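Next come the chains, spelled out residue by residue.
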Amino acid sequence: MTDQPDRLFAKPLNPVPDFAFNQDVARVFNDMIRRSVPGYLLLVEQIGLLAARFAKPNSLLYDLGCSLGAVTFELRKIKASGARVIAVDNSAAMLERCRANLAFTAKDHPLLPVELVQADILQLKWQPASVVVINFTLQFIPPDQRLSLLQRIRQNLMPGGVLILSEKLRFTDESTEQLLTELHLDFKRKGGYSELEIAQKRDALENVMQPDSLQTHQQRLLQAGFSQVHPWFQCLNFGSILSVA
Ligand SMILES: C[S@@+](CC[C@H](N)C(=O)[O-])C[C@H]1O[C@@H](n2cnc3c(N)ncnc32)[C@H](O)[C@@H]1O
Ligand SMILES: O=C(O)C(=O)C[C@]1(C(=O)O)C=C[C@@H](O)C=C1
(Lines give C-alpha, C1' and ligand atoms only; values in the text may rest on other atoms or scores of the structure.)
(Ligands and ions follow the chains in the order given, each with its own letter.)
Protein backbone atom coordinates (compact mmCIF):
# COMPACT_ATOMS: atom_id res chain seq x y z
CA MET A 1 0.00 0.00 0.00
CA THR A 2 1.61 3.23 -1.12
CA ASP A 3 1.77 6.16 1.28
CA GLN A 4 0.84 9.56 -0.08
CA PRO A 5 2.01 13.06 0.79
CA ASP A 6 -0.16 14.90 3.32
CA ARG A 7 -2.28 17.44 1.45
CA LEU A 8 -5.44 16.83 3.51
CA PHE A 9 -5.79 20.46 4.60
CA ALA A 10 -4.27 22.10 1.50
CA LYS A 11 -7.59 23.29 0.09
CA PRO A 12 -10.15 25.47 1.95
CA LEU A 13 -12.53 23.25 3.93
CA ASN A 14 -15.88 24.65 4.99
CA PRO A 15 -16.48 23.51 7.61
CA VAL A 16 -13.18 21.99 8.76
CA PRO A 17 -14.12 18.49 9.97
CA ASP A 18 -12.93 17.16 13.32
CA PHE A 19 -9.66 15.27 12.89
CA ALA A 20 -10.19 11.49 12.66
CA PHE A 21 -7.81 8.59 12.04
CA ASN A 22 -9.74 7.46 8.97
CA GLN A 23 -8.70 6.15 5.53
CA ASP A 24 -7.71 9.63 4.33
CA VAL A 25 -5.40 10.16 7.32
CA ALA A 26 -4.01 6.61 7.24
CA ARG A 27 -3.03 7.09 3.58
CA VAL A 28 -0.88 10.16 4.41
CA PHE A 29 0.02 9.46 8.05
CA ASN A 30 3.64 8.40 7.45
CA ASP A 31 4.29 11.83 5.85
CA MET A 32 2.00 13.73 8.23
CA ILE A 33 3.59 12.65 11.49
CA ARG A 34 7.19 13.20 10.30
CA ARG A 35 6.29 16.73 9.16
CA SER A 36 4.18 17.46 12.27
CA VAL A 37 6.17 16.03 15.19
CA PRO A 38 9.69 17.43 15.54
CA GLY A 39 12.20 14.68 16.38
CA TYR A 40 9.72 11.89 15.64
CA LEU A 41 12.12 9.52 13.86
CA LEU A 42 14.81 9.91 16.54
CA LEU A 43 12.22 9.46 19.29
CA VAL A 44 10.85 6.23 17.81
CA GLU A 45 14.35 4.82 17.37
CA GLN A 46 15.28 5.67 20.98
CA ILE A 47 12.04 4.12 22.25
CA GLY A 48 13.38 0.86 20.84
CA LEU A 49 16.61 1.37 22.82
CA LEU A 50 14.77 2.07 26.09
CA ALA A 51 12.36 -0.84 25.59
CA ALA A 52 15.22 -3.26 24.92
CA ARG A 53 16.67 -2.51 28.37
CA PHE A 54 13.40 -3.41 30.18
CA ALA A 55 11.86 -6.10 27.94
CA LYS A 56 11.71 -9.45 29.73
CA PRO A 57 11.79 -12.90 28.09
CA ASN A 58 8.39 -14.57 27.64
CA SER A 59 6.60 -11.27 28.32
CA LEU A 60 4.32 -8.95 26.34
CA LEU A 61 5.33 -5.59 24.84
CA TYR A 62 2.34 -3.31 24.09
CA ASP A 63 2.17 -0.53 21.48
CA LEU A 64 -1.03 1.39 22.31
CA GLY A 65 -2.35 3.45 19.40
CA CYS A 66 0.11 1.75 17.05
CA SER A 67 -1.05 3.56 13.85
CA LEU A 68 1.14 2.28 10.99
CA GLY A 69 3.44 0.38 13.37
CA ALA A 70 6.52 2.63 13.66
CA VAL A 71 7.02 1.75 17.35
CA THR A 72 6.00 -1.86 16.80
CA PHE A 73 8.76 -2.13 14.21
CA GLU A 74 11.28 -1.11 16.88
CA LEU A 75 9.82 -3.41 19.56
CA ARG A 76 9.90 -6.48 17.33
CA LYS A 77 13.69 -6.10 16.85
CA ILE A 78 14.27 -6.62 20.58
CA LYS A 79 16.13 -9.78 21.58
CA ALA A 80 13.89 -11.19 24.32
CA SER A 81 13.20 -14.88 23.76
CA GLY A 82 9.56 -15.81 23.96
CA ALA A 83 8.40 -12.17 24.08
CA ARG A 84 5.50 -10.99 21.91
CA VAL A 85 4.37 -7.56 20.66
CA ILE A 86 0.68 -6.60 20.98
CA ALA A 87 -0.09 -3.64 18.71
CA VAL A 88 -3.46 -2.02 19.45
CA ASP A 89 -5.43 0.58 17.53
CA ASN A 90 -9.16 1.32 17.22
CA SER A 91 -8.77 2.54 13.60
CA ALA A 92 -9.38 -0.22 11.04
CA ALA A 93 -7.78 1.99 8.40
CA MET A 94 -4.57 2.34 10.39
CA LEU A 95 -4.40 -1.38 11.24
CA GLU A 96 -4.97 -2.39 7.61
CA ARG A 97 -1.87 -0.42 6.62
CA CYS A 98 0.06 -1.57 9.66
CA ARG A 99 -0.65 -5.19 8.68
CA ALA A 100 0.60 -4.52 5.13
CA ASN A 101 3.72 -2.79 6.46
CA LEU A 102 4.55 -5.70 8.75
CA ALA A 103 4.21 -8.16 5.87
CA PHE A 104 6.94 -6.29 3.98
CA THR A 105 9.46 -6.51 6.82
CA ALA A 106 12.68 -8.29 5.86
CA LYS A 107 12.85 -11.81 7.22
CA ASP A 108 16.65 -11.78 7.35
CA HIS A 109 16.87 -11.44 11.12
CA PRO A 110 14.78 -12.91 13.95
CA LEU A 111 11.88 -10.62 14.87
CA LEU A 112 9.41 -10.93 17.73
CA PRO A 113 5.92 -12.06 16.71
CA VAL A 114 3.32 -9.28 16.49
CA GLU A 115 -0.38 -9.57 17.21
CA LEU A 116 -2.52 -6.73 15.82
CA VAL A 117 -5.61 -5.97 17.90
CA GLN A 118 -8.40 -3.63 16.81
CA ALA A 119 -9.74 -2.33 20.08
CA ASP A 120 -10.35 0.74 22.19
CA ILE A 121 -7.39 0.86 24.60
CA LEU A 122 -9.89 1.87 27.28
CA GLN A 123 -11.64 -1.51 26.90
CA LEU A 124 -8.54 -3.66 26.44
CA LYS A 125 -8.31 -7.11 28.03
CA TRP A 126 -4.84 -6.84 29.55
CA GLN A 127 -2.16 -9.50 30.03
CA PRO A 128 0.95 -8.95 32.17
CA ALA A 129 3.59 -6.94 30.29
CA SER A 130 7.18 -5.78 30.76
CA VAL A 131 6.93 -2.81 28.35
CA VAL A 132 3.99 -0.58 27.39
CA VAL A 133 4.46 2.24 24.86
CA ILE A 134 1.80 4.90 24.30
CA ASN A 135 3.30 7.23 21.69
CA PHE A 136 1.14 10.34 20.98
CA THR A 137 -2.09 8.52 21.83
CA LEU A 138 -3.06 9.55 25.39
CA GLN A 139 -3.67 13.10 24.10
CA PHE A 140 -6.65 11.72 22.15
CA ILE A 141 -8.15 9.99 25.20
CA PRO A 142 -10.79 11.98 27.13
CA PRO A 143 -8.90 13.71 29.99
CA ASP A 144 -11.22 12.28 32.66
CA GLN A 145 -10.30 8.73 31.56
CA ARG A 146 -6.52 9.15 31.47
CA LEU A 147 -5.77 8.37 35.13
CA SER A 148 -7.80 5.15 35.16
CA LEU A 149 -6.08 4.02 31.93
CA LEU A 150 -2.65 4.67 33.46
CA GLN A 151 -3.70 2.82 36.63
CA ARG A 152 -4.72 -0.22 34.55
CA ILE A 153 -1.41 -0.09 32.68
CA ARG A 154 0.49 0.09 35.99
CA GLN A 155 -1.49 -2.84 37.43
CA ASN A 156 -0.62 -4.99 34.40
CA LEU A 157 3.10 -4.21 34.38
CA MET A 158 5.47 -6.80 35.83
CA PRO A 159 7.79 -5.62 38.67
CA GLY A 160 10.42 -3.40 37.04
CA GLY A 161 8.29 -3.05 33.92
CA VAL A 162 8.05 0.32 32.16
CA LEU A 163 5.61 2.66 30.46
CA ILE A 164 7.01 4.94 27.75
CA LEU A 165 4.58 7.83 27.25
CA SER A 166 5.13 10.42 24.50
CA GLU A 167 2.85 13.42 24.08
CA LYS A 168 2.46 16.87 22.65
CA LEU A 169 3.03 19.17 25.66
CA ARG A 170 1.25 22.27 26.93
CA PHE A 171 3.21 24.78 29.04
CA THR A 172 1.74 26.58 32.04
CA ASP A 173 4.17 29.47 31.56
CA GLU A 174 2.51 31.60 28.87
CA SER A 175 5.76 32.83 27.31
CA THR A 176 7.10 29.28 27.00
CA GLU A 177 3.79 28.08 25.51
CA GLN A 178 3.82 30.90 22.98
CA LEU A 179 7.48 30.49 21.98
CA LEU A 180 7.41 26.71 21.59
CA THR A 181 4.10 26.85 19.72
CA GLU A 182 5.60 29.36 17.27
CA LEU A 183 8.74 27.22 16.88
CA HIS A 184 6.49 24.20 16.20
CA LEU A 185 4.71 26.18 13.46
CA ASP A 186 8.14 27.15 12.04
CA PHE A 187 8.94 23.41 11.97
CA LYS A 188 5.71 22.75 10.07
CA ARG A 189 6.44 25.59 7.62
CA LYS A 190 9.94 24.21 7.04
CA GLY A 191 8.31 20.87 6.29
CA GLY A 192 6.31 22.49 3.50
CA TYR A 193 2.93 23.09 5.16
CA SER A 194 1.13 26.28 4.06
CA GLU A 195 -0.48 28.76 6.47
CA LEU A 196 -3.88 27.41 5.35
CA GLU A 197 -2.86 23.81 6.12
CA ILE A 198 -1.50 24.81 9.54
CA ALA A 199 -4.64 26.77 10.44
CA GLN A 200 -7.09 24.12 9.22
CA LYS A 201 -5.18 21.26 10.93
CA ARG A 202 -5.23 23.26 14.18
CA ASP A 203 -9.01 23.73 13.86
CA ALA A 204 -9.48 20.03 13.06
CA LEU A 205 -7.55 19.01 16.19
CA GLU A 206 -9.27 21.54 18.47
CA ASN A 207 -11.99 19.18 19.74
CA VAL A 208 -10.15 15.86 19.58
CA MET A 209 -6.67 16.42 20.96
CA GLN A 210 -6.10 17.79 24.49
CA PRO A 211 -2.41 18.02 25.45
CA ASP A 212 -1.40 18.21 29.14
CA SER A 213 1.61 19.85 30.78
CA LEU A 214 4.68 17.82 31.75
CA GLN A 215 3.83 18.52 35.41
CA THR A 216 0.34 17.08 34.97
CA HIS A 217 1.79 13.96 33.34
CA GLN A 218 4.36 13.50 36.12
CA GLN A 219 1.82 13.96 38.93
CA ARG A 220 -0.72 11.66 37.26
CA LEU A 221 1.88 8.91 36.65
CA LEU A 222 2.91 8.97 40.32
CA GLN A 223 -0.79 8.95 41.29
CA ALA A 224 -1.28 5.91 39.01
CA GLY A 225 1.31 4.07 41.11
CA PHE A 226 4.56 4.34 39.16
CA SER A 227 7.60 4.41 41.46
CA GLN A 228 9.85 6.40 39.11
CA VAL A 229 8.96 9.03 36.48
CA HIS A 230 11.77 10.17 34.16
CA PRO A 231 11.20 12.80 31.45
CA TRP A 232 13.85 11.71 28.95
CA PHE A 233 13.11 13.41 25.63
CA GLN A 234 11.84 16.79 24.49
CA CYS A 235 11.88 18.42 21.08
CA LEU A 236 10.09 21.77 21.03
CA ASN A 237 6.58 21.07 22.46
CA PHE A 238 6.76 17.28 22.16
CA GLY A 239 8.18 15.06 24.88
CA SER A 240 8.48 11.56 26.27
CA ILE A 241 8.49 10.14 29.81
CA LEU A 242 9.86 6.80 31.04
CA SER A 243 7.98 5.51 34.08
CA VAL A 244 8.98 2.42 36.09
CA ALA A 245 6.44 0.21 37.85
C1 LIG B 1 -0.91 10.19 16.74
S2 LIG B 1 -1.40 8.55 16.41
C3 LIG B 1 -0.15 7.57 17.27
C4 LIG B 1 1.14 7.53 16.57
C5 LIG B 1 1.86 6.19 16.70
N6 LIG B 1 1.83 5.69 18.08
C7 LIG B 1 3.29 6.36 16.22
O8 LIG B 1 4.18 6.46 17.07
O9 LIG B 1 3.46 6.41 14.98
C10 LIG B 1 -2.74 8.18 17.51
C11 LIG B 1 -3.26 6.78 17.26
O12 LIG B 1 -4.06 6.37 18.36
C13 LIG B 1 -5.23 5.73 17.87
N14 LIG B 1 -6.25 5.89 18.92
C15 LIG B 1 -6.81 7.04 19.35
N16 LIG B 1 -7.69 6.77 20.34
C17 LIG B 1 -7.67 5.41 20.54
C18 LIG B 1 -8.34 4.53 21.42
N19 LIG B 1 -9.23 4.98 22.32
N20 LIG B 1 -8.07 3.20 21.34
C21 LIG B 1 -7.17 2.73 20.44
N22 LIG B 1 -6.49 3.52 19.58
C23 LIG B 1 -6.74 4.85 19.64
C24 LIG B 1 -5.55 6.42 16.56
O25 LIG B 1 -6.35 5.62 15.70
C26 LIG B 1 -4.14 6.67 16.01
O27 LIG B 1 -3.71 5.60 15.18
O1 LIG C 1 -0.03 19.34 16.95
C2 LIG C 1 -0.09 19.18 15.74
O3 LIG C 1 -0.24 20.10 14.95
C4 LIG C 1 0.05 17.83 15.23
O5 LIG C 1 -0.10 17.63 14.06
C6 LIG C 1 0.35 16.77 16.23
C7 LIG C 1 -0.15 15.41 15.87
C8 LIG C 1 0.05 14.52 17.06
O9 LIG C 1 0.76 14.92 18.03
O10 LIG C 1 -0.51 13.41 17.04
C11 LIG C 1 -1.57 15.44 15.56
C12 LIG C 1 -2.14 14.63 14.63
C13 LIG C 1 -1.35 13.71 13.88
O14 LIG C 1 -1.48 12.45 14.49
C15 LIG C 1 0.06 14.07 13.81
C16 LIG C 1 0.61 14.85 14.77
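As a reminder, the structure under discussion sits directly above these lines.
The structure reproduced in this document is the subject of the present report. (Residues numbered from 1 in each chain as written. Chains lettered and ligands numbered in written order. Predicted model: local features only at pLDDT ≥ 70, side-chain atom pairs only at ≥ 80, totals over all residues. Heavy atoms only, no water.)

### Re the packing of aromatic side chains
Then step 1. Inspection of the entire model under this criterion finds seven aromatic pairs.
Then step 2. Judged by centre distance (5.6 Å) and plane angle (55 degrees), the ring pair of tryptophan 232 and phenylalanine 233 falls under tilted.
Then step 3. We classify tryptophan 232 as partly exposed; its relative accessible area is 25%.
Then step 4. An aromatic cluster is present here, built from Phe9, Phe19, Phe21, Phe29 and Phe140 joined pairwise through their rings.
Then step 5. Geometry around phenylalanine 73 places arginine 76 over its ring, the cationic atom sitting 6.0 Å from the centre.
Then step 6. Seen from the ring of tyrosine 193, lysine 188 lies directly overhead, with NZ or CZ sitting 5.9 Å from the centre. (Phe/Tyr/Trp six-rings, centres within 6.5 Å; stacked < 30°, edge-to-face > 60°. Buried < 20%, exposed > 50% of the residue type's maximum accessible area, 1.4 Å probe, protein only. Lys NZ or Arg CZ within 6 Å of the ring centre and 35° of its normal.)

### Structural notes on the site of ligand 2
Then step 1. In the neighbourhood of ligand 2, 14 residues make up the surrounding shell, with Ser36, Gln139, Lys168, Lys188 and Lys201 lying closest.
Then step 2. Separating an oxygen atom of ligand 2 from a side-chain N or O atom of lysine 168 is a distance of 2.7 Å.
Then step 3. With respect to ligand 2, the side chain of lysine 201 contributes an N or O atom lying 2.7 Å from an oxygen atom.
Then step 4. Bound to the protein, ligand 2 loses 96% of the 360 Å² it would expose on its own.
Then step 5. Taken together, the elements giving at least two residues each to the shell around ligand 2 come down to helix H1 (23–36), helix H6 (174–190) and helix H7 (195–205).
Then step 6. Looking at the shell around ligand 2 residue by residue, the class counts come to eight nonpolar, three polar and three charged. (Near = heavy atom within 4 Å. Polar contact = N/O pair within 3.5 Å; in protein donor to acceptor, adjacent residues only side chain to side chain. Areas by Shrake-Rupley, 256 points an atom, 1.4 Å probe, with all protein chains shown as cover. Helix = DSSP H or I, 4+ residues; strand = E, 2+ residues; numbered from the N terminus. Nonpolar A, V, L, I, M, F, W, Y, C, P; charged D, E, K, R; others polar.)

Treat this as a map of the structure, not an account of what it does.
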